[in-house]
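Below are the chains, spelled out letter by letter.
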Protein chains: 4
Amino acid sequence: MPTDAAGPAVAGAEAVDGRVLSRRGARTRARLLDVSADVFAAKGLHSTRVDDIVAAAASSHGTFYLYFSSKEDLFDQLVTQVSTEIQSLVDTLPTITGATRGRAALRTWLGDLADLYERRGPVIAAWTEAELSGERTGRHGDDALGSLVGGILEQVRVPKRSGLDPAVASLALVIMVERVNYYATTGRVKVTRDELIDTLMEIVEAALFA
Amino acid sequence: MPTDAAGPAVAGAEAVDGRVLSRRGARTRARLLDVSADVFAAKGLHSTRVDDIVAAAASSHGTFYLYFSSKEDLFDQLVTQVSTEIQSLVDTLPTITGATRGRAALRTWLGDLADLYERRGPVIAAWTEAELSGERTGRHGDDALGSLVGGILEQVRVPKRSGLDPAVASLALVIMVERVNYYATTGRVKVTRDELIDTLMEIVEAALFA
Amino acid sequence: MPTDAAGPAVAGAEAVDGRVLSRRGARTRARLLDVSADVFAAKGLHSTRVDDIVAAAASSHGTFYLYFSSKEDLFDQLVTQVSTEIQSLVDTLPTITGATRGRAALRTWLGDLADLYERRGPVIAAWTEAELSGERTGRHGDDALGSLVGGILEQVRVPKRSGLDPAVASLALVIMVERVNYYATTGRVKVTRDELIDTLMEIVEAALFA
Amino acid sequence: MPTDAAGPAVAGAEAVDGRVLSRRGARTRARLLDVSADVFAAKGLHSTRVDDIVAAAASSHGTFYLYFSSKEDLFDQLVTQVSTEIQSLVDTLPTITGATRGRAALRTWLGDLADLYERRGPVIAAWTEAELSGERTGRHGDDALGSLVGGILEQVRVPKRSGLDPAVASLALVIMVERVNYYATTGRVKVTRDELIDTLMEIVEAALFA
DNA sequence: TATGAATGAGATTTCATTCAT
DNA sequence: AATGAATGAAATCTCATTCAT
């Protein structure tokens, strides 16, 4: 007569051994994921110890390894979440062909991107750090930028202009948008959301359709 | 009282204890600094062990700590070199006021920047990694970008235009130039030097003087 | 939120991070402290390696640093124990004013001191070694002797006598008692406990009340 | 035609390889010995690095090992000097048999001992530290105390008295004299030379001939 | 004779991961 | 499901001694 104190199973959340998690387990796992983003933000990816994460989550080492096979595994799962969000965003990018066409849509889209960075900036920062360290995050062939650039290149038709390589220009603009958002997130650029978006819009438009 | 059997002193190269180095010592120290840049480039800042550096320099642990008090100390000295070079570059930035004024000078300057990144890209990458890790490199109040942006803001007068915040625009363009060079260096953007510079010129000009 | 699976907490025993220890942890920590006294006795303070201690305690490096932040920290805690015991002993020193007054009490006290040295001689030896090395044990303003002399000076009224400085005489006698016990402990003087105490009594009495 | 810049040989001072030293070599060797005593006094035996010694002597590592086969070798030679002086002193100890017999001679002798400690206290301290560390100084079967006690036991006839073991009493008094001088040397006892000697005389006499 | 750069064995310390409870 | 004590491989750093000049 086993007692089932742990409650009913919860879909979509697995333990390391593949077991489906009870409500309590799923909550613990989610807590570890959530606080780890904050800890990474505060201390950086490499300076973060498993100890820091479990302390912040009021959990324990043993529990940590119940849900994640390694520190890298947890990080991978964090990145997977963000990667998915980035992909969704890319999928909504409007087709931009000419000067005024799609202008409003682009502006909205830049706003969505800013929102994403506001929510996920720290994870993206940690992700970038991992790339710079030369660490392959288990499942992600792409880096944070690559996810954006890849999709965008297909949507934006930069007009041929003397001296302007469309591929490079696209990349340059994406990098700019990405990094400015990133720096805005980390507080290194003091600017309101609207100023940010307006200025980026101006530059992108000028560059594309000068 | 000591005779100078070990060869003449070399200016500007010190051991950890402040002793001025002989030619041989200065050469060893320089070799450690040089190869460490390569090793950092190959393995990333955090994954690089003192072991890796001394092996690459065909030296030993003991020797390493003769010239650098820690791995971080060596990195600081590496960054100091690059930081100085960046500052020199910023000091040569032409004043840019109008459409065609200074156009040629700006182009030359972008070329110099590209050259700097070609030589020092890996160190800058490691520097960026250190910043992302939240590690303060001992002596550098600024980050890699800050060094550039700080000086540039004073030289470039972005014209007021509706919707374009001059400070943000400057930062955005610098970030773009910096990161595109960085990605070009690390081989993630396939582009010739001239295409790179041309495209950046186009964007910068369009943005500034649309 | 955490359940208490690891056993009940034990008062007065802390890990390096301030966590209160479970019974098992407290036992491990105590074992490390206990065996370290033996190892210090056998090899001397400076020749003792953390390796030696954890091997003797059948533990591991990792565990050691769970309870002590460094070898010096462990030694400090060892000294703290003994320092406390010495202080307790000093507090029980009878007031000695005249020839026969307090004679029995003094004898008992000398016996207690001998007992202390029998138990703690090795730690006191290591402590002395640390003092000679010029190392300040973190928390102890006093040296081993100072702990004794300080308290004793207040209890013993050495009569003024021509040529006999009371302060120096007290110190001299304490040093004698302390060191003779110390040498007896380390086996460099072959003498029974009673012979030791009798002889010390004779000398102290003769000196004080000749 | 070899130049003989080093000057004529000096008797009694050898290099490690047995070569007889020139005047210059002998001077260097003596300088190293002299300053090492000061350095040991300042930093303690174990905290003293070869680096500290050669820096204080304005010499070099290479030179050090020209004259001493190891750090321990230098220390041994230092101790040998002091050991010889102690032995000389013991040899002059007057025979003490009764109350007034030899009183003046004993007083003089205590003064000589005080002088010895004034000069050699730091070396004796380092020697004691070595003993506590369990290190055998190469050539010295005895410790600093043993050198004194051994000779003294033969010269002093402590009268049999109930409760006073002659051997223990001798040792106790020697320890006392030795340690009080030692503490006076290291500045832990503030007392003039004469007060020191007077007080020790009083105690020794009272104890021996009460 | 003197120098000081170079060495490497060995010490301390960290921390991701495992395991007994 | 949760705990936290225990582990040990791997990293950093020290310093007595050797060696080329």
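### Quick look at the overall build of chain A
Then, in step 1: For chain A, the count of helices and strands is 8 helices and 2 strands.
Then, in step 2: Shown N-terminal to C-terminal, the secondary structure of chain A runs as helices and strands in the order β-β-α-α-α-α-α-α-α-α.
Then, in step 3: Here chain A, with 210 residues, has 40% of them falling under the buried criterion.
Then, in step 4: Long-range pairs, those at least 24 residues apart, make up 57% of the contacts in chain A with a sequence separation of at least 6.

### Comments concerning the domain arrangement of chain A
All names here are of chain A.
Then, in step 1: Domain parsing of chain A yields domain 1 (9-67) and domain 2 (78-209).
Then, in step 2: Across the contact, 7 residues belong to domain 1 and 7 residues belong to domain 2.
Then, in step 3: Classifying every residue of the side of domain 1 that touches domain 2 gives 5 nonpolar, 2 polar and no charged.

### Some points on the relation of the copies chain B and chain A
Then, in step 1: Rotating chain B by 180 degrees and translating it 0.0 Å along the rotation axis places it on chain A, where the RMSD comes to 0.2 Å. Here the two chains are linked by the operation of a two-fold rotation axis. Across chain B, the smallest distance between a C-alpha and the rotation axis is recorded for Met176 of chain B, namely 2.3 Å.
Then, in step 2: Counting the interface residues of chain B, we find that 97% of their copies in chain A are interface residues as well, pointing to one common contact surface.

### Digging into the packing of helix H7 (residues 166-185) of chain B against helix H8 (residues 193-209) of chain B
Pairs of packed helices are described in terms of their axes, by the angle between the two and the distance that separates them.
Residues and elements named next belong to chain B.
Then, in step 1: At a minimum axis distance of 11 Å, the contact between H7 and H8 shows a crossing angle of 170 degrees. By the angle between their axes, H7 is roughly antiparallel relative to H8. For the pair H7 and H8, contact is made by Ala169, Leu173, Val177, Val180 and Ala184 and by Leu196, Leu200, Val204 and Ala207, respectively.
Then, in step 2: Taken together, the residues of the contact of H7 with H8 break down into 9 nonpolar, no polar and no charged.

### Observations regarding the interface of chain B and chain A
Interface extent is often summarised as the accessible area lost during association of the parts.
Then, in step 1: Taken together, the 37 residues of chain B in the interface contact 36 residues of chain A.
Then, in step 2: Considering every element that reaches the side of chain B that touches chain A, the biggest residue donor is H8 of chain B, with 10 residues.
Then, in step 3: Among the residues making up the side of chain B that touches chain A, the classes are represented as 21 nonpolar, 8 polar and 8 charged.

### Side note on helix H1 (residues 23-43) of chain C
Then, in step 1: Between its first and last C-alpha, H1 of chain C extends 30 Å over 21 residues, near the 30 Å set by a 1.5 Å rise per residue.
Then, in step 2: Gly44 of chain C sits one or two residues past H1 of chain C and shows a positive phi near 85 degrees.

Reading guide: rules and limits
- Residues numbered from 1 in each chain as written.
- Chains lettered and ligands numbered in written order.
- Predicted model: local features only at pLDDT ≥ 70, side-chain atom pairs only at ≥ 80, totals over all residues.
- Helix = DSSP H or I, 4+ residues; strand = E, 2+ residues; numbered from the N terminus.
- Buried ≥ 20, exposed ≤ 12 C-beta atoms within 10 Å, placed from the backbone.
- Contact = placed C-beta atoms within 7 Å.
- Domains from an automatic or database assignment.
- Nonpolar A, V, L, I, M, F, W, Y, C, P; charged D, E, K, R; others polar.
- Least-squares fit on C-alpha atoms with pLDDT ≥ 70 in both.
- Axes fitted to C-alpha atoms, helices over the stretch in contact; angles between N-to-C directions.
- Parallel < 35°, antiparallel > 145°, perpendicular 65-115°, else oblique.
- Expected span 1.5 Å × (residues − 1).

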